[in-house]
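As a plain string of letters, each chain reads:
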Amino acid sequence: MPKSMINKSSSSIKKKYHQKTLSDSAIYNTYMRLLDVEPLFAEYVWMQISVFDLSELGLGLLYNILPIDFEPYSIDYTFETPTVDETLQGIWAKFKPVDFSKLYTWMTDFREYIIENFKEEYQADLLAMTGEKAIYGVTPYARGIYDPVLAREFVRATFHKLRLLRTPDESWKSMLQQIADFLEMIGVTDDNIFNRIMMLFSAQTQSFVLGLSILGRSRLSETEGDYAKIPFLDAQGYIHDLKFRTLDHLQFGFILGVTPLGYGLLLPKNSIYKLIDGKKNPSFIKVLTEKISGIIQRLTMSAWSYSNYNRPEEMLDYHKSEKANQYDLLQAQRRFVENWVYERIPPDEANPVRIRQYQNAVLQAISWKAKRHKWGFKSWEYMTEEQFKEWWLNYWESQGLSRETLNNLYGGMSLWLERLRESKLNLGKKIQQIRKRLALSV
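Residues numbered from 1 in each chain as written. Predicted model: local features only at pLDDT ≥ 70, side-chain atom pairs only at ≥ 80, totals over all residues. Heavy atoms only, no water.

Scanning the protein chain for helices and strands turns up 19 helices and seven strands. Computed over C-alpha atoms, the radius of gyration of the protein chain comes to 25 Å, within 12% of the 22 Å expected from 2.2 N^0.38 for 442 residues, which places it in the range of a compact globule. Each principal axis of the C-alpha distribution contributes one length, and for the protein chain these read about 70 × 55 × 50 Å. Counting every position in the protein chain, which comprises 442 residues, the buried fraction comes to 48%. Summed over its atoms, the accessible surface of the protein chain is roughly 22900 Å², and 54% of this surface lies on carbon and sulfur atoms. Across the protein chain, 56 positive and 53 negative side-chain charges occur, with their mean positions spaced 6 Å apart. (Helix = DSSP H or I, 4+ residues; strand = E, 2+ residues; numbered from the N terminus. Rg over C-alpha atoms; globule rule 2.2 N^0.38 Å. Buried < 20%, exposed > 50% of the residue type's maximum accessible area, 1.4 Å probe, protein only. Areas by Shrake-Rupley, 256 points an atom, 1.4 Å probe, with all protein chains shown as cover. Lys, Arg positive; Asp, Glu negative; His and termini not counted. Charge placed at Lys NZ, Arg CZ, Asp CG, Glu CD.)

A few words on the packing of helix 8 (residues 169-183) against helix 9 (residues 189-206). In the contact formed by helix 8 and helix 9, the axes pass within 9 Å of each other and the chain directions differ by 150°. In this view, helix 8 runs roughly antiparallel relative to helix 9, as classed from their interaxial angle. With respect to the hand of their crossing, helix 8 and helix 9 are arranged in right-handed fashion. Side by side, helix 8 and helix 9 meet where D169, W172, K173, L176, Q177 and A180 of the first sit next to D190, D191, F194, I197 and M198 of the second. Within the contact of helix 8 with helix 9, the residues separate by chemical class into six nonpolar, one polar and four charged. (Axes fitted to C-alpha atoms, helices over the stretch in contact; angles between N-to-C directions. Parallel < 35°, antiparallel > 145°, perpendicular 65-115°, else oblique. Left-handed = near helix turned anticlockwise from the far one by under 90°. Contact = heavy atoms within 4.5 Å. Nonpolar A, V, L, I, M, F, W, Y, C, P; charged D, E, K, R; others polar.)

Further remarks concern the environment of K369. The residue K369 is located in the loop between helix 15 (352-367) and helix 16 (378-382) in this model. In this structure, the C-alpha to C-alpha distance between K369 and R152, residues 217 residues apart in sequence, is 18 Å. For K369, the side chain forms a polar contact with the main-chain oxygen of E381, separated by 3.5 Å. (Polar contact = N/O pair within 3.5 Å; in protein donor to acceptor, adjacent residues only side chain to side chain.)

Time to look at the nonpolar core. Grouped together as the largest cluster of nonpolar side chains are 95 residues, with contacts concentrated most on W380, W391 and W392. The greatest single-element share of this core, amounting to eleven residues, is contributed by helix 2 (residues 24-63). When near neighbours in sequence (up to four residues on either side) are disregarded, W380 contacts F154, T158, L162, I179, W368, K369, F388 and W391. (Core = buried A, V, L, I, M, F, W, Y, C linked by side-chain atoms within 4.5 Å.)

Here the focus is the layout of surface pockets. Of the volumes computed, that of the largest pocket is approximately 2400 Å³. Taken together, 50 residues line the largest pocket, and the ones lying closest to its centre are Y77, F95, S305, Y306 and H373. At the level of elements, helix 2, strand 2 (94-97), helix 7 (149-165), helix 11 (283-297), helix 12 (302-306), helix 14 (322-342) and helix 19 (417-441) are the ones that each hand at least two residues to the lining of the largest pocket. Taken together, the residues of the lining of the largest pocket sort by class into 26 nonpolar, nine polar and 15 charged. (1 Å grid on protein atoms, 1.4 Å probe; cavity = no way out; pocket = protein on both sides within 12 Å on 5 of 7 lines; lining within 4 Å. Points joined across faces, edges and corners; volume = space filled by probe spheres on them.)

Moving on: the sheet that holds strand 6 (residues 227-233). In a beta sheet, neighbouring strands pair by backbone hydrogen bonds and run either parallel or antiparallel. As summarised here, the arrangement of the three strands in space is 5-6-7, forming an open sheet in which the pairing is antiparallel. Since the sheet does not close on itself, it has two edges, and those belong to strand 5 (222-224) and strand 7 (239-244), each with one partner. Here the strands of the sheet are splayed against their neighbours by 45° on average, with no regard to which way each runs. In this sheet, strand 6 lies alongside strand 5 in antiparallel orientation, the contact comprising three bridges. Paired with T223 across the bridge in strand 6 is A228. Set on the sheet, helix 9 makes contact with strand 6 and strand 7; between it and strand 6 the angle comes to about 120°. (Pairing = 2+ DSSP bridges.)

On to a nonpolar patch on the surface, then. Where nonpolar side chains cluster on the molecular surface, the patch consists of F208, L210, L215 and L220 and spans about 540 Å² of accessible area. For L220, the position within the fold is in the loop between helix 9 and strand 5. With a relative accessible area of 77%, L220 lands in the exposed category. (Patch = residues over 30% accessible without salt bridge, like charges linked within 9 Å, V, L, I, M, F, W, Y side chains within 5 Å. Salt bridge = Lys/Arg side-chain N within 4 Å of Asp/Glu carboxyl O.)

Per the stated rule, a full pass over the model turns up 26 aromatic pairs. Taking the centre distance of 5.2 Å and the plane angle of 80° together, the rings of W368 and F377 count as edge-to-face. Assigned by exposure class, W368 and F377 land together as buried. A network of ring pairs unites the aromatic residues F154, F159, W368, F377, W380, F388, W391, Y395 and W396 as a single cluster. It is K371 that lies over the ring of F377; its NZ or CZ is 4.8 Å from the centre. Cation over ring: R421 sits above F388, and NZ or CZ is 5.6 Å from the ring centre. (Phe/Tyr/Trp six-rings, centres within 6.5 Å; stacked < 30°, edge-to-face > 60°. Lys NZ or Arg CZ within 6 Å of the ring centre and 35° of its normal.)

With that out of the way, let us pick up the pattern of salt bridges. Scanning the entire structure with this criterion turns up 25 salt bridges. One salt bridge in this structure joins K378 and E71, with 3.8 Å as the shortest N-O distance. Highlighted residues: K378 in helix 16 and E71 in the loop between helix 2 and strand 1 (77-80), separated in sequence by 307 residues. The exposure class of K378 is partly exposed, given its relative accessible area of 25%. The network of salt bridges with common partners includes E71, E153, R156 and K378.

Attention now goes to helix 2. The periodicity of an α-helix, 3.6 residues per turn, causes residues three or four places apart in sequence to face the same way. Taking 1.5 Å as the rise per residue, helix 2 with 40 residues should run 58 Å; its terminal C-alpha atoms sit only 49 Å apart, a clear shortfall. Positive backbone phi, at 55°, marks N64, one or two positions downstream of helix 2. (Expected span 1.5 Å × (residues − 1).)

Time to look at the side chain of E153. Counting through the fold element by element, E153 comes out in helix 7. The exposure class of E153 is buried, given its relative accessible area of 6%. For E153, the residues in contact, after removing those within four places along its chain, are T158, K378, S379 and Y382.

Turning next to unusual backbone geometry. For the bond running from E71 to P72, omega is 10°, close enough to zero to count as cis. Position of P72 relative to the elements: it lies in the loop between helix 2 and strand 1.

Between its terminal C-alpha atoms helix 15 stretches 22 Å, which fits the 22 Å expected from 16 residues at 1.5 Å a residue. Of all the residues in helix 15, the buried ones are I355, Y358, Q359, A361, V362, Q364, A365, I366 and S367.

Given below as structure tokens:
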């Protein structure tokens, strides 16, 4: 019998969770480990977020999506010290979302964005590219931007989220292709997004590009004439000698043999970005560096965020810990689902590997439309239940599971699926809501 089927006592589950995350020794150990990994974390953040943010800004010009609409580009938090009353309720860390629309108004308007970040001689051409939102039956053909909600949502955030969930290139590309086929997106869209991100990743380590590369990790590349030359693996699995000169070439420039027609701009040799006062980084680079620096500086606050809403007396005794109880209830839900699936797998598929796949599939059906931390998952939240079911069936069938068995499982769980999603969300935020309310009532 799989380990997940073995019933462990509620007390042992809570005790182990408490020891590892909520006890005073766990908080201290977490803090010290975070100090140990800070150099590695800093490198990882610079390498991941810079590529994500810069690729999204490039896609924004090509797909008419404002900087403020992209995630994770427009996501950041600041740390605030809790009040005495909040501390008594176990609130050790307060993270407040940054409102980029107030700090940088140019993120909310294409005209301001282009004027703020690009040289004057190129502004008119770039502004001409930004079409108005089209209205079906009113706007003349090719005079506006039609905006299918789901397709836009995947380009806006989800494709980048999937890069974190599916780190191997082939796994990520396969999922992009499956989603693009399901949404009937233009065939080259998923390839273009894949290629842009992979070009930036390659240039980040294989050459030195201002605004992208990292001291100590990046190196000087080979050159051919006035251009840098680096190896690059495209969405079709072909290796190219990619030739470019500046950051904007990688973000949205037309590169012969790689970029489909209509998905890149013909750019001059020199960058079209505008330097502030003729020598400082463009505004979008300033935003990027400040955000990444803030994330790195707040790393050790993670020790307190893990143990948030955890009173001093709860740190000493797991029996008194409401967060340990919350964790146990969420795990009980998971065990119920896994046992339910285990009992419904046909005998000819009842091997441990296949059972685990079906369990993961059902857990995904519950959780991907019920996320508290939602960036990248809103695409599935916006789907109707029928749309989500069709996508879910297609995805797991492509992973080798039986469509008939998947259909039977979805039909069976439809009786309690929505209720379990609501319960999961409510359980996840219950303690936070209670503690904040008690702190205000003192």
